[in-house]
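Reading the structure
Here is what each chain is made of, one letter per residue.
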Amino acid sequence: MTNTDTMIKVDHITKQFGKLKALNDVSLEVKKGEIVCLIGPSGSGKSTLIRAINGLEVPESGHIYFEGELYDAKNKKKYAAQRGKMGFVFQHFNLFPNMTVLENLTIAQTRVLKRSDQEAKDMAMKYLKRVGLDDKASQYPNKLSGGQKQRVAIARSLCMNPEIMLFDEPTSALDPEMVEEVLEVMQDLGKEGMTMIIVTHEMGFARTVADRVIFLEDGQIVEENSAEAFFDHPSSDRAKLFLSKVMH
């Protein structure tokens, strides 16, 4: 693969919160169509890294590039266009409680992408059907299970035609029996070639879907490898210790 296939390049970024270095000189690249899972103990910097890639956190130093071009909040118009190509799915769904499922999926389409109401509705129904929830379009979020809310959140992101999907612990707020339904939707996206960066503590899922696993600790990348190599033959003592605690 040539560098033109690189969708995201993180170049020596550092991010501090007070005295805590959440990210310490982190660099990585993600290719188009690649699925990368970020794993590691709590407080290792995984969520800060994915939030920095999306622009929700601004690093003190270093740069992020999107499709070979600098991703810089100072260049407002270009930054907005770049950011618009990224879908972000949060841990806690972030649905608007006072809107129906359908309204949750159409509001950004009409306001940001300037689609007509009918176009937005058609797109919303397409993706609701895709995640198996087209029968819930007129419901309010408080009538949905956690797994259904997260599938709605994924459908909402897909309505914006993202080129990459970022997931920040998408199953950690869910009851165990609902985890599977969300992971299944994500797995299908991967099979269709969607580029994805996923912060997850679901090791079985990471092992199955990831092209590459990146293990972080104390704000640094300790190890990265193919999923198979990482889980079968971790090379660092820290990764070995982590896996011995989380793999059952």
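For the chain, the name recorded in an unreviewed UniProt entry is Peptide ABC transporter ATP-binding protein, with Intestinibaculum porci as its organism. Word for word, the UniProt comment on the chain under Sequence similarities (unreviewed entry) is "Belongs to the ABC transporter superfamily." The UniProt entry for the chain carries the following comment under Subcellular location (unreviewed entry): "Cell membrane".

A few words on the overall build of the chain. Looking only at helices and strands, the chain features 9 helices and 10 strands. Against the compact-globule benchmark of 18 Å for 248 residues, the chain has a radius of gyration of 18 Å, which places it among compact chains. Counting every position in the chain, which comprises 248 residues, the buried fraction comes to 50%.

Right, let's talk about unusual backbone geometry for a bit. Phi is positive for asparagine 161, close to 50°, though the residue is something other than glycine. Summarising the element assignment, asparagine 161 is placed in the loop between helix 5 (146–158) and strand 7 (164–168). Here glutamate 169, not a glycine, exhibits a phi torsion of approximately 50°, which is positive. For glutamate 169, the position within the fold is in the loop between strand 7 and helix 6 (176–191). Glutamate 169 sits in the buried class, given a relative accessible area of 14%.

Now for the sheet that holds strand 6 (residues 86–89). Pairing in this open sheet of 6 strands is mixed, and the strands run 6-7-8-3-9-10 from one edge to the other. Across the chains shown, the open sheet's two edge strands, defined by having one partner strand only, are strand 6 and strand 10 (220–226). Each neighbouring strand pair of the sheet contributes to a mean axis angle of 15°, computed without reference to strand direction. Bridge count for strand 6 against strand 7 is 4 bridges, and the pairing is parallel. The residue of strand 7 that forms the bridge with valine 89 is phenylalanine 167. Strands in contact with helix 1 (residues 46–54) are strand 3 (35–39), strand 6, strand 7, strand 8 (195–199) and strand 9 (212–217); relative to strand 7, the strand with the most contacts, it is inclined by about 145°.

For the rest of this paragraph, the subject is the UniProt feature "domain: ABC transporter" (unreviewed entry) in the chain. The positions that UniProt labels "domain: ABC transporter" (unreviewed entry) are, in the present scheme, residues 8–243. Along residues 8–243 one finds 39% helix and 26% strand; the C-alpha atoms at either end are 27 Å apart.

With that out of the way, let us pick up the packing of aromatic side chains. Taken as a whole and judged by the stated rule, the model has 5 aromatic pairs. Both rings, one in phenylalanine 88 and one in phenylalanine 90, keep their centres 4.5 Å apart while their planes meet at 50°; by these two values the pair is tilted. By relative accessible area, phenylalanine 88 is classed as buried at 10%. Residues phenylalanine 215 and phenylalanine 242 carry aromatic rings whose centres are separated by 5.2 Å and whose planes lie at 50° to one another, so their mutual orientation is tilted. Note that phenylalanine 215 is positioned in strand 9 and phenylalanine 242 in helix 9 (residues 237–246), a separation of 27 residues in sequence. A residue is classified by how much of its surface remains accessible, and phenylalanine 242, at 13% relative accessible area, is buried. Aromatic ring contacts, followed pair by pair, group Phe215, Phe230, Phe231 and Phe242 into a single cluster.

Rules used in this analysis
Residues numbered from 1 in each chain as written. Predicted model: local features only at pLDDT ≥ 70, side-chain atom pairs only at ≥ 80, totals over all residues. Heavy atoms only, no water. UniProt positions renumbered as here; feature names shortened; annotations may be inferred. Helix = DSSP H or I, 4+ residues; strand = E, 2+ residues; numbered from the N terminus. Rg over C-alpha atoms; globule rule 2.2 N^0.38 Å. Buried < 20%, exposed > 50% of the residue type's maximum accessible area, 1.4 Å probe, protein only. Pairing = 2+ DSSP bridges. Axes fitted to C-alpha atoms, helices over the stretch in contact; angles between N-to-C directions. Contact = heavy atoms within 4.5 Å. Phe/Tyr/Trp six-rings, centres within 6.5 Å; stacked < 30°, edge-to-face > 60°.

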